[in-house]
Amino acid sequence: MKLKTLQNLYRFTDILILFFLIFDFGFTINEDYKPFRILIYSSITLLLVTFNIIKLIQYSKDSPLRKTIRFNIGILATTLVAAFTVYYLNSNIPPIEQPIRIKVIFELGLFFYLLIRLTFFIKHIYRIYFNPAILFVGSFFILTLIGALLLMLPNVTVNGISFIDALFTSTSAICVTGLAVLDTGKDFTQLGQTVIIFLIQIGGLGILTFTSFFAYFFKESSSFQEGMYMKDYTATENLQDVFKIAAQIVGFTLGLELVGAILIYSSIDSISTIDNKIFFSLFHSVSAFCNAGFSTSSSSFYAPTLRYDYSLQWVIMLLIIIGGIGYSFIFNAFTYLKRSFLNLFRKKTKVTTTVRVFTLNSKITIVTTSVLLFVGFIFFYFSEANHSMLGHDSVFGKITTAMFSSVTPRTAGFNTVDYTQVATPSLLFVIFLMWVGASPGSTGGGIKTSTFAIATLNILATARGKKRIEINTREISSSTVNRAFSIICISLITIGTAILLLLFFEPEKDLLAIAFECFSAYSTVGLSLNLTPTLSDPSKYVIIAVMFVGRIGLLNLLFGMLGQVEQKFYQYPQENILIN
């Protein structure tokens, strides 16, 4: 059998499996079909094992794809062994319950197998056509449509869902926003909530991060363009470390989310109103770290059983801050602490390693984030003392609520207060925090802390008559300053246009509520003054576009569409323009 024919047959089988899983998951199965379900799963898995063995034989021994094929065979073989082991060990239980347990094993195995196949398919697309900006936007757009179609499956929702609501929910999940036109806890089944959290995880990390992770894991070859794109995303100077860092990002994310889920579970263990505590913990851990703001609780953390659970709120805050501070700072801090610790033992030998590894980007990130969190905490503690914090009697409760109110506008979207009862000055300050958002290279949105810091420093430098921004012994490049002000202008133009359109489509709505909604959508926050469920279809499309633009960055899209301007080796005479 020719290799090309085998590959086409292999891809057709992948599509067949995908449709079979969608059918099995999303639709109500006829009772006559159920006895044949396990037989079909077994046949498909055996067929895939056969295909992979044939491919393994046909590839040369030095081919880098052999490790991937062996890993695929291992997954499929493990799935088969685990399924038949469960069948053998549970031979005493009723025949009706046996297929359910075996089905779950086959579903998990085939799903993980298809995930690996999908990442390598996307990697193949990157090799054929590599425009980072266009592919970044395209991957988000395609995933949004796929997510919308999955959310329209009958078994995903309780009472069905329209296409516009499915598209809105999918966009909000992929763009890690959190705005919801339906109640995530009541209108979606557990399968639907699983689809949402999967979309959040993919959207928070990004497609190229996953493809780079598997490329590093399988030691696959990667193109130079891929390395350059990941180098910019991870803020890595050494191109050889890029894919290693991508793998570390995925590992760090999944590990921290698991730890967060354990801590959340320990804090809600005594709450009897939460049915599935394990799923609740996993869902909110992923949603918090990815700064998504989705919650299976109808009123988020404002629910009476969660509003006063301060230990839970501190866990959520830590996940939000770590997810929103950026991977480059996290790895910078880890390297600094590791070298400092090792130097304690190297002083005896007088051979130490320099610990000056904090980049200027990391310093700007941590200072700006700390200042915004502290100022926000002080502001909310005093401004909301006689408003949203009246129900908290203890000082610790007030501190926790004020801190949560300072953290969550940083693109997270959870709430422990009713924002319709919050004072107007506090709402305006929340809008400012939402607009600034998280840090670059993180799971959050907004114009980013570094953009806000650069703009502020440029204003101070201009006021002092300086032509350059200097920080310690470093100078900020003019291209960075220009990019920062371009991002600010684009954000204000996009948000302003959205506000005008919503005022046109929703003339009866309050201006502050509409402005709050548009800033929240652009910065992928998810907070709302209860406006989202009441929006008309045209307004929903506007918010969908704003969420999408806010997540991908309109400047990135323009770079990809317009391309790089060729270098000019001449300069026109300068002329000053009257500004004020």
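Just so you know, these numbers come straight off a predicted model, no measurement behind them.

What counts as what
By convention here, each chain's residues receive numbers from 1 onward along its written sequence. Only residues with pLDDT of 70 or above have their local features reported here, since the model is predicted, and side-chain atom pairs are shown and tallied only from 80 upward, although totals for entire chains, interfaces and linings are computed over all residues. Hydrogens are left out, water is left out, and the side-chain values use all remaining heavy atoms of the structure. In the cavity and pocket records, a cavity denotes points on a 1 Å grid over the protein atoms alone where a 1.4 Å probe fits but cannot get out, a pocket denotes an open set with protein on both sides within 12 Å along at least 5 of 7 lines, and lining residues are residues with an atom within 4 Å of a point. Grid points are joined across faces, edges and corners, and a volume is the space filled by probe spheres set on the points. In this text, helices come from DSSP runs of H or I with a minimum length of four residues, and strands from runs of E with a minimum of two, each type numbered from the N-terminal end. Each residue receives one of three labels: charged for Asp, Glu, Lys and Arg, nonpolar for Ala, Val, Leu, Ile, Met, Phe, Trp, Tyr, Cys and Pro, and polar for the others, Gly being one of them. Exposure above 30% relative accessible area and the absence of a salt bridge qualify a residue for a patch, where like charges join within 9 Å and nonpolar side chains (Val, Leu, Ile, Met, Phe, Trp, Tyr) within 5 Å. Reported accessibility uses the Shrake-Rupley method at a 1.4 Å probe radius. Residues are deemed covered only where the shown protein chains occlude them. The salt bridge criterion pairs a side-chain nitrogen of Lys or Arg with a carboxyl oxygen of Asp or Glu, the two atoms within 4 Å. Under the convention used throughout, the expected extent of a helix is 1.5 Å for every residue step, that is, one less than its residue count. Under the scheme applied here, a residue whose accessible area is under 20% of the maximum for its type counts as buried, over 50% as exposed, and between as partly exposed, the area being computed with a 1.4 Å probe on protein chains only. We call two residues in contact when some of their heavy atoms are within 4.5 Å. All axes are obtained by fitting lines to C-alpha atoms, using only the stretch in contact for helices, and the reported angles, taken between N-to-C directions, cover 0 to 180 degrees. Roughly parallel here means an angle under 35 degrees, roughly antiparallel means over 145, roughly perpendicular means 65 to 115, and every remaining angle is called oblique. Put simply, a crossing is left-handed when the front helix is turned counterclockwise from the back one by less than a right angle, and right-handed when it is turned clockwise. Polar contacts, as counted here, are pairs of nitrogen or oxygen atoms within 3.5 Å of one another; within protein the pair requires one atom able to donate a hydrogen and one able to accept it, and residues that are adjacent in sequence qualify only if both atoms are side-chain atoms.

(A) Seen up close, empty space enclosed by the protein. Counting across every chain of the model gives 1 cavity of 30 Å³ or more. Looking at the largest cavity, its volume works out to about 80 Å³. Along its surface, the largest cavity is lined by N291, I320, I321, G324, I325, T369, L373, V407, R410, A438 and S439. Of all the elements in the fold, those that place two or more residues in the lining of the largest cavity are helix 14 (310-325) and helix 16 (360-383). When residues in the lining of the largest cavity are grouped by element, the largest group, 4 residues, is from helix 14. Counted by class, the lining of the largest cavity contains 6 nonpolar, 4 polar and 1 charged residues.

(B) A nonpolar patch on the surface, seen in detail. On the surface, a cluster of nonpolar side chains totalling about 740 Å² of accessible area is made up of F141, I142, L145, I146, L149, M152, F163 and Y541. With 5 residues, helix 5 (residues 132-151) is the largest single contributor of residues to the nonpolar patch. Tracing the backbone shows I142 in helix 5.

(C) Quick look at helix 19 (residues 449-463). In this model, helix 19 (15 residues) spans 21 Å end to end at C-alpha, consistent with the 21 Å of a helix rising 1.5 Å per residue. Of all the residues in helix 19, the buried ones are T449, S450, T451, A453, I454, A455 and A461. Where helix 19 is buried, its residues touch helix 16, helix 18 (424-436), strand 1 (469-471), strand 2 (474-476) and helix 20 (478-505).

(D) Looking closely at the packing of helix 16 against helix 17 (residues 395-407). In contact at an axis separation of 8 Å, helix 16 and helix 17 are set at 125° when each is read in the N-to-C sense. With respect to helix 17, the axis of helix 16 lies oblique. Considering the relative orientation of helix 16 and helix 17, their crossing is right-handed. On the side of helix 16, the interface is formed by L372, L373, G376, F377, F380 and Y381, while helix 17 contributes V395, K398, I399, A402, M403, S405, S406 and V407. Counted by class, the contact of helix 16 with helix 17 contains 10 nonpolar, 3 polar and 1 charged residues.

(E) Region of the structure containing the packing of helix 16 against helix 19. In contact at an axis separation of 9 Å, helix 16 and helix 19 are set at 90° when each is read in the N-to-C sense. When the axes of helix 16 and helix 19 are compared, the pair comes out roughly perpendicular. Together, I364, T365, T368, T369 and L372 of helix 16 and T449, S450, F452, A453 and I454 of helix 19 make up the contact between the two elements.

(F) Structural view of the environment of T50. Along the chain, T50 falls in helix 2 (residues 37-58). Taking the relative accessible area as the measure of exposure, T50 reaches 41% and is therefore partly exposed. Between the alpha carbons of T50 and I73 there is a distance of 8.8 Å; along the sequence they are 23 residues apart. A polar side-chain atom of T50 sits 2.9 Å from the main-chain carbonyl oxygen of L46.

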